[in-house]
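Coordinate inspection notes
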Amino acid sequence: VQLQASGGGLVQAGGSLRLSCASSARTFNNYATAWFRQAPGKEREFVGARRWSGSATFYADSVKGRFTVSRDNAEKMAYLQMNALKPEDTAVYYCAARYGWSVSYYDSSTWAFWGQGTLVTVSA
């Protein structure tokens, strides 16, 4: 499965961005999707995830209420809508996918497939 993330850029604090992740999976609706981010000098951290079925979503506390994960199974796309952005949201954002689900969804090692990353820079 190949993933291609896009949509990053420079935005002022308080602004919004929507990241997209295109998948090559033939049966995309069987894959859970997630977003992680890595700021300079820091470890990769969980942002949000969505199960392969139903509408259950999970978020890191730092983004809850500001970010929304969604997906379009017909288009084989995953999205991360980011609102009320803060300078501390500056990072390279990665989309990830896995077949099925893991209760350890916040652990990057449980995700099998990764996109190349897209840089989000939030200016103060």
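Everything below is about the structure printed above this text.
Heads up: these notes are all about the structure in this document. These numbers come from a predicted model, not from an experiment.

A word on the packing of aromatic side chains
Two aromatic rings are characterised by how far apart their centres lie and by the angle between their planes. Taken as a whole, this structure holds twelve aromatic pairs when the rule is applied. With a centroid separation of 6.5 Å and an interplanar angle of 70°, the aromatic rings of Phe-36 and Trp-111 are classed as edge-to-face. Of this pair, Phe-36 sits in strand E4 (residues 31-38) while Trp-111 sits in the loop between strand E9 (91-99) and strand E10 (113-114); the two residues are 75 residues apart in sequence, bridging distant segments of the chain. Measuring from ring centre to ring centre gives 6.2 Å for Trp-101 and Trp-111, while their planes differ by 85°; the resulting arrangement is edge-to-face. Taken together, the residues span a long stretch of sequence, with Trp-101 in the loop between E9 and E10 and Trp-111 in the loop between E9 and E10 at a distance of ten residues. We classify Trp-101 as buried; its relative accessible area is 19%. Among the aromatic residues, those joined into a cluster by ring pairs are Phe-36, Phe-46, Phe-58, Tyr-94, Trp-101, Tyr-105, Tyr-106, Trp-111 and Trp-114. Between the NZ or CZ atom of Arg-18 and the centre of the ring of Tyr-79, over which it lies, the distance is 4.1 Å. A cation sits over an aromatic face here: Arg-44 above Tyr-94, 3.8 Å from the ring centre.

What about the pattern of salt bridges?
Pairing of side chains with opposite charge becomes possible as their charged atoms draw close. Per the counting criterion, the structure on display carries four salt bridges. The closest approach of N and O atoms between Glu-45 and Arg-37, which form a salt bridge, is 2.5 Å. By relative accessible area, Arg-37 is classed as buried at 5%. Across the pair Arg-37 and Asp-89 runs a salt bridge, and its minimum N-O distance is 2.9 Å. Of this pair, Arg-37 sits in strand E4 while Asp-89 sits in the loop between strand E8 (77-82) and E9, and the two are 52 residues apart along the sequence. You'll find Arg-37 and Asp-89 in the same group, each marked buried. In the salt-bridge network here, residues are joined through shared partners; they are Arg-37, Glu-45, Arg-66 and Asp-89.

Here we look at the state of the cysteines
Taken as a whole, this structure holds one disulfide when the rule is applied. Disulfide partner of Cys-21: Cys-95, at an S-S distance of 2.2 Å. Its S-S torsion of about 65° marks the bond between Cys-21 and Cys-95 as right-handed, since a negative value means left-handed. On the criterion of sequence distance, the pair formed by Cys-21 in strand E3 (residues 17-23) and Cys-95 in strand E9 is long-range, its members being 74 residues apart. Comparing Cys-21 with Cys-95, the two get one shared label, buried.

Remarks on the pairing of E3
Across a regular strand the side chains alternate sides, sitting on one face of the sheet and then on the other. Of all seven residues that make up E3, five are buried, and the element is covered over most of its length. In the sheet, strand E1 (residues 3-6) pairs with E3 via four bridges, with the strands oriented antiparallel. Bridged to Ser-6 within E3 is Ser-20. The pairing of E3 with E8 spans six bridges and is classified as antiparallel. Residue pairing in the sheet places Leu-19 in a bridge with Leu-80 of E8.

Conventions we followed
- Residues numbered from 1 in each chain as written.
- Predicted model: local features only at pLDDT ≥ 70, side-chain atom pairs only at ≥ 80, totals over all residues.
- Heavy atoms only, no water.
- Phe/Tyr/Trp six-rings, centres within 6.5 Å; stacked < 30°, edge-to-face > 60°.
- Helix = DSSP H or I, 4+ residues; strand = E, 2+ residues; numbered from the N terminus.
- Buried < 20%, exposed > 50% of the residue type's maximum accessible area, 1.4 Å probe, protein only.
- Lys NZ or Arg CZ within 6 Å of the ring centre and 35° of its normal.
- Salt bridge = Lys/Arg side-chain N within 4 Å of Asp/Glu carboxyl O.
- Disulfide = S-S within 2.5 Å.
- Pairing = 2+ DSSP bridges.

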